[in-house]
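# Tertiary structure, described
As a plain string of letters, each chain reads:
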Amino acid sequence: MTDAPADAAPEAGPRQAPAPPDERVLAAGTTLRFVLLLLLLAAAGASMVPRTVWQLLASSQQADKEMACWLAAGLDPGAPMNAGYVLSTRNQSALKVCAARYVQNFDGVSVAVGALLVVVVLTVYWLLPVWKARRSRVVALAELDTTGRLRQQLDELMDTAGLARTPRFVVDPVVPEVGAVVFGRWRNPTVCLYGGLFATSGTDRDRFRAVVLHELAHLRNKDIGITYATVALWRVFLVLVLLPWAAVGVKNLFFTGTADVRGQFAPFNTHELVLGLLIAVSVHLTRAGILRNREIYADLMAARWGASRESWNVHVRPGSGRALPRALAAFVELWRTHPSWELRRTSLTDPKALFALDALPLFLTGLASDILVWQLGSLPYEAFPAKAVLIATLVVGIGGVALWRAVVYAVLTGRPTPPGWPVGLWLGTGVVAAELLGPRAAWNHWWPNHPEALLILVAALVLAMTWTAQNAEWWIASWRGRSLRPVMVVGLAAASLALACVLYWWYAQGEVLTDGWPFTTAGLLGSYGLSGLPPAHIGPLLEVVAVVGVLPGADSEAHSLWWAEALLWMLPLLALALRRPGRRAKWLAEALPGAADAQPNMDAQPNTDVPPGPDAPPPSPSPLSLAVSPNAAALPGPGRLLVAGLAGGLLCWAALAAAKAHMHTPRPAAVRMTGPFQITYLMWPILVICAAMALTAVVVAAVTRAAWLLAGLVTAGVAGLIGMVGAFVLASADGCLGPFNVMTNTCGWRPGAVWRLVEIAAAYTLTLGILVAALAAFVGRGAGLLWRRVRAGLRSAAVPPDVAPPVAVGPPRRRRRRYGARVAAVAAVAAVVAGAAGAAVTVAQLPGSGSGNAQRAESMLDQTRSAPSAAIALAQNQAWAAVGGLDHINEFNAAQRDFAAAMGGAANATSDAQVEAELRTVGGTCEQLAGATRRADEYFTVPDPTGQRLWSRLLVGYQQLTTACRNLVDRPDIVANGYAAGAAQRAAVDSGSRMVSWLAGSGAVVRRTPPPR
């Protein structure tokens, strides 16, 4: 890390400016980005090493046989992904047996290689300092500093930095630059002073102090250990993992097998190679960006310790004014690990670069996280919740920390707070890019059939980041503690769990949508386990129910994280409830140097009655007068939101009553047990509650200017909670409500009988309802902005251009009564506690099996399939015959020949004892026939429909032959049972001949012509 300026030129003294916000007010977020890189490299290595080992050691003949098992099961490499999945599940047991027969297991070798790579990484990490020292030919400081003068200066700087562990100081006399570098392990770091710095240490002490303090700042920030660990892991991964894996991939793409086989799997192999390139690019660019930021952190810390800022005034060659050279320079800058001197000088007075929301790091974060998902693809289904939480924590943690820092910077400097949705958009763009360029979405195709389905992930990230930005704004305005870190961690945890809920649904069911809508309405409704739902009963409402059945909320098990969506409205409501007007914010003492004694009023409401004139100068950002931006200061009272939520809940009650009245029939007992009525009774309350929540969110977001998403979610959450209470009351009191009686006419309070309804309604309301309300809030926001623009345009058109509009000075804002605020705060806390308790009780009492409609996806997928190409059909038929089909036919032939021989022996017997002995032999052939039939029945179905019909006839023929054989043994009547067995034998032999003829005619087998005599 060469961080000292090489050539400095003194400039005029520094301008007097207000102290900038402290860059350490919140976590930097670089550690999480390092963690993402480390996890990506580790997961990619754990995924690539076994595949590379298999490619190098596996037998091609065995590999062809294993691939033939998949083709025999009906796999079509050119078919859509969902169709291939359905076809493979039809012969799942047979595929498992066949693949186990030919599988080549090199797990031991892969584990040994992985262990060796770990040893190599540790060795490289251990030897990097030694290598750097030998390469530079450094000498110990004591050998050159004979007077001890320089060592005394270094000891003083060590005291200034407050380091507990003294690093090793060496000198590299060969390098003429006035700089230094720090390297080594975190317990034994080394600071290397360049020859130019050592030579000028006595004549330019300010420069010397700045350089050394900068390097000591790296040690204070603990940059060295994780930086060099990443360097060691990256170099080993690049040389020993990625390059061999890429070489094997190139071999598979261009040289392995025939041209037809390579063409069939070219999309998948190409996507995998592109994925390796993406890993290399994303790791390097992300690491370079992290190191550039850490250089600025070290600069600021050195300046805080007293380093002269003139040391950063280096001569910089003026850049070209042309666009192309500037763009080229910016592109080259992305690959460097050190920022430009201009950026470093600017950051000393205003560290806005450390609070900026740059698009590239966010894009790379989304890209790396989605690649990590692909590398973790071998995890079992049970690990989906953990994988979803891991990915959501990394994505929200990295993007959320950047957002919190940007919001804090905007609040402390009086700038507009960032909206948050661009952060989610860039994260989502990175995810979509990885999905489209890698093999995850397209699989063995160049492009997924429906890439628009990936917009679901983009929408989820936009929602999470918009919520994070507005939640940060509310908590910054409300929190009075010593540090913002606790509330930031809580807010990011809530957003991470909410996003993990959506990701879990996506990994379990949603990602099949990239191949198109694969579900059938009858299959989805059948997953409810209710009788009376044939396709003839499917109406418009049941179509909606079928679609809702695969949306988030369908799985009411606790591990699906459906309960986490409730945090999106409970946590902001808690922020409003904990607000303490008039109290000082202690965290400002940490964020603003020199602001500890004069705290601003965190609750000062901006005067929006008198707008500034068009020529009014912009306000200067004073930390004491603009500690909170207008948007953050104008927090809505919790009472208003609770009243709006109550109105939405009452509207929901009215809609529930109307739905119940509509469902009322003169003879409910006659229809209440049918499938359609039960689903209607189950789902109508859910649909009504979700619709009421969406309507509430639309209205509130349309009329709210600041934090419109939070306001919409809070009111929608309260409305949904009230709606669930209403649904519970209506269902429990069914029979006592006159026209609202649905299931029974007997009055009575039955809360236990409707618990299942409450369970499903809670899962849907707290998941699907919140997500729908969030999307509705975006719609309401757009409608509100459009209406305000239209109204402003109409007003400006109505005023003559020569008449100045009157300045309306409204009455001063009345101060709210304290008891009213306290009542609203108590009500808000009560709502949060009630919602959390209800969610906890529901989670605690959920059955282990989950909701009735949480079924495996294959039971709901469309079972129809399109005909494969002629080449694929031929390969499937050949594979079916090669991995067992011919073996089963030969087994049939051998069994029937043994049966015929035994029958001949019984017919030629001359005594009763000989007949009895021969019949025992016939009985043995019966069991031989039965075993052959059973094993053939467990084999793959023939991929070709014509071949499957012949195969079915063959199985039926041998089943009949087995039955006739056993009848003959049990009742040895030659006239009746003997002739029947002979006829069954001839039919079985005929069906076998037809099957063999079809295999030969279709090209599945080659019929050998006997040589001429």
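Everything that follows concerns the structure shown earlier in this document.
Here's what I pulled together on the structure shown here. Because the structure is a prediction, the values reported are computed rather than measured.

The rules behind the values
Residues numbered from 1 in each chain as written. Predicted model: local features only at pLDDT ≥ 70, side-chain atom pairs only at ≥ 80, totals over all residues. Heavy atoms only, no water. Helix = DSSP H or I, 4+ residues; strand = E, 2+ residues; numbered from the N terminus. Contact = heavy atoms within 4.5 Å. Areas by Shrake-Rupley, 256 points an atom, 1.4 Å probe, with all protein chains shown as cover. Axes fitted to C-alpha atoms, helices over the stretch in contact; angles between N-to-C directions. Parallel < 35°, antiparallel > 145°, perpendicular 65-115°, else oblique. Left-handed = near helix turned anticlockwise from the far one by under 90°. Nonpolar A, V, L, I, M, F, W, Y, C, P; charged D, E, K, R; others polar. Patch = residues over 30% accessible without salt bridge, like charges linked within 9 Å, V, L, I, M, F, W, Y side chains within 5 Å. Salt bridge = Lys/Arg side-chain N within 4 Å of Asp/Glu carboxyl O. Buried < 20%, exposed > 50% of the residue type's maximum accessible area, 1.4 Å probe, protein only. Lys, Arg positive; Asp, Glu negative; His and termini not counted. Charge placed at Lys NZ, Arg CZ, Asp CG, Glu CD. Pairing = 2+ DSSP bridges. Polar contact = N/O pair within 3.5 Å; in protein donor to acceptor, adjacent residues only side chain to side chain. Disulfide = S-S within 2.5 Å.

### Some thoughts on the overall build of the chain
Looking only at helices and strands, the chain features 35 helices and four strands. If you take every contact in the chain between residues at least 6 apart in sequence, the share linking residues at least 24 apart comes to 82%. Summed over its atoms, the accessible surface of the chain is roughly 47,500 Å², and 63% of this surface lies on carbon and sulfur atoms.

### Details of the packing of helix α23 (residues 567–577) against helix α29 (residues 708–732)
Following both chains from N to C, one finds α23 and α29 inclined at 110°, their axes separated by 8 Å at the closest point. If you check the angle between α23 and α29, you find them roughly perpendicular. Every pair of crossing elements has a handedness; the one defined by α23 and α29 is left-handed. Taken together, the residues of α29 that come into contact with α23 (itself represented by L568, W569, P572 and L573) are L710, L713, V714, G717, V718 and L721. The residue makeup of the contact of α23 with α29, split by class, is nine nonpolar, one polar and no charged.

### With respect to a nonpolar patch on the surface
A contiguous nonpolar patch, built from L646, L650, W653, V725 and V729 and spanning about 430 Å² of accessible area, is present on the exposed surface. Going through the elements one at a time, α26 (638–663) and α29 are the ones with two or more residues in the nonpolar patch. Ranked by residue count, the leading element in the nonpolar patch is α26, at three residues. What makes W653 partly exposed here is its relative accessible area of 39%.

### Some words on the packing of helix α19 (residues 455–478) against α23
Between α19 and α23, the shortest axis-to-axis distance is 9 Å and the interhelical angle comes to 20°. Classified by the interaxial angle, the pair formed by α19 and α23 is roughly parallel. For the crossing formed where α19 meets α23, the hand is left-handed. Between α19 and α23, the contacting residues are W467, N471, W474, W475 and S478 on the first element and L567, L568, L571, P572, L574, A575 and L576 on the second.

### Some points on a positive patch on the surface
A surface patch of like charges, here positive, comprises R482, R580, R583, R584 and K586. With respect to the element layout, K586 can be found in the loop between α23 and α24 (588–591). Among the residues examined, K586 registers a relative accessible area of 43% and is labelled partly exposed.

### Here's the deal with the pairing of strand β3 (residues 180–184)
Strand residues, when the strand is regular, have side chains that alternate between the two faces of the sheet. Most of β3 sits out of view: five of its five residues are buried. Residues A180, V182 and G184 point to one face of β3 and V181 and F183 to the other, with burial holding for every one of them. Of the pairings in the sheet, the one linking β3 to strand β4 (residues 189–194) comprises five bridges and is antiparallel in character. If you follow A180 over to β4, its bridge partner there is L193. Between β3 and the antiparallel strand that follows it, β4, lie four residues.

### Focus on the pairing of strand β2 (residues 168–172)
In terms of burial, β2 is largely enclosed, as four of its five residues are buried. Pairing analysis gives two bridges linking strand β1 (residues 139–140) to β2, with the strands arranged antiparallel. By the bridge assignment for β2, A140 is matched with V170. In this sheet, β4 lies alongside β2 in parallel orientation, the contact comprising five bridges. Looking across to β4, one finds that R168 is bridged to T190.

### Quick word on unusual backbone geometry
Residue W443 is not a glycine yet carries a positive backbone phi of 60°. Overall, W443 belongs to the partly exposed group, its relative accessible area being 39%. For L561, which is not glycine, the phi torsion reads 65° and is therefore positive. You can see L561 is positioned in the loop between α22 (540–548) and α23.

### A few points about the environment of G780
With respect to the secondary-structure elements, G780 resides in helix α30 (residues 755–798). For the pair G780 and V703, spaced 77 residues apart in the sequence, the C-alpha separation amounts to 8.2 Å. Not counting residues within four places of it along the chain, the set of residues in contact with G780 comprises V698, A701 and A702.

### A closer look at the environment of T393
Along the polypeptide, T393 turns up in helix α16 (residues 384–413). Exposure remark for T393: the relative accessible area of 35% places this residue in the partly exposed category. A polar side-chain atom of T393 sits 2.6 Å from the main-chain carbonyl oxygen of V389.

### Thoughts on the state of the cysteines
Between two cysteines, a covalent bond joining their sulfur atoms is known as a disulfide. Under the counting rule described, the total for this entry stands at two disulfides. Here C69 engages in a disulfide with C98; their sulfurs sit 1.9 Å apart. The sign of the -65° torsion about the S-S bond sets the C69-C98 disulfide as left-handed. Of this pair, C69 sits in helix α2 (residues 60–72) while C98 sits in helix α4 (residues 92–102), and the two are 29 residues apart along the sequence.

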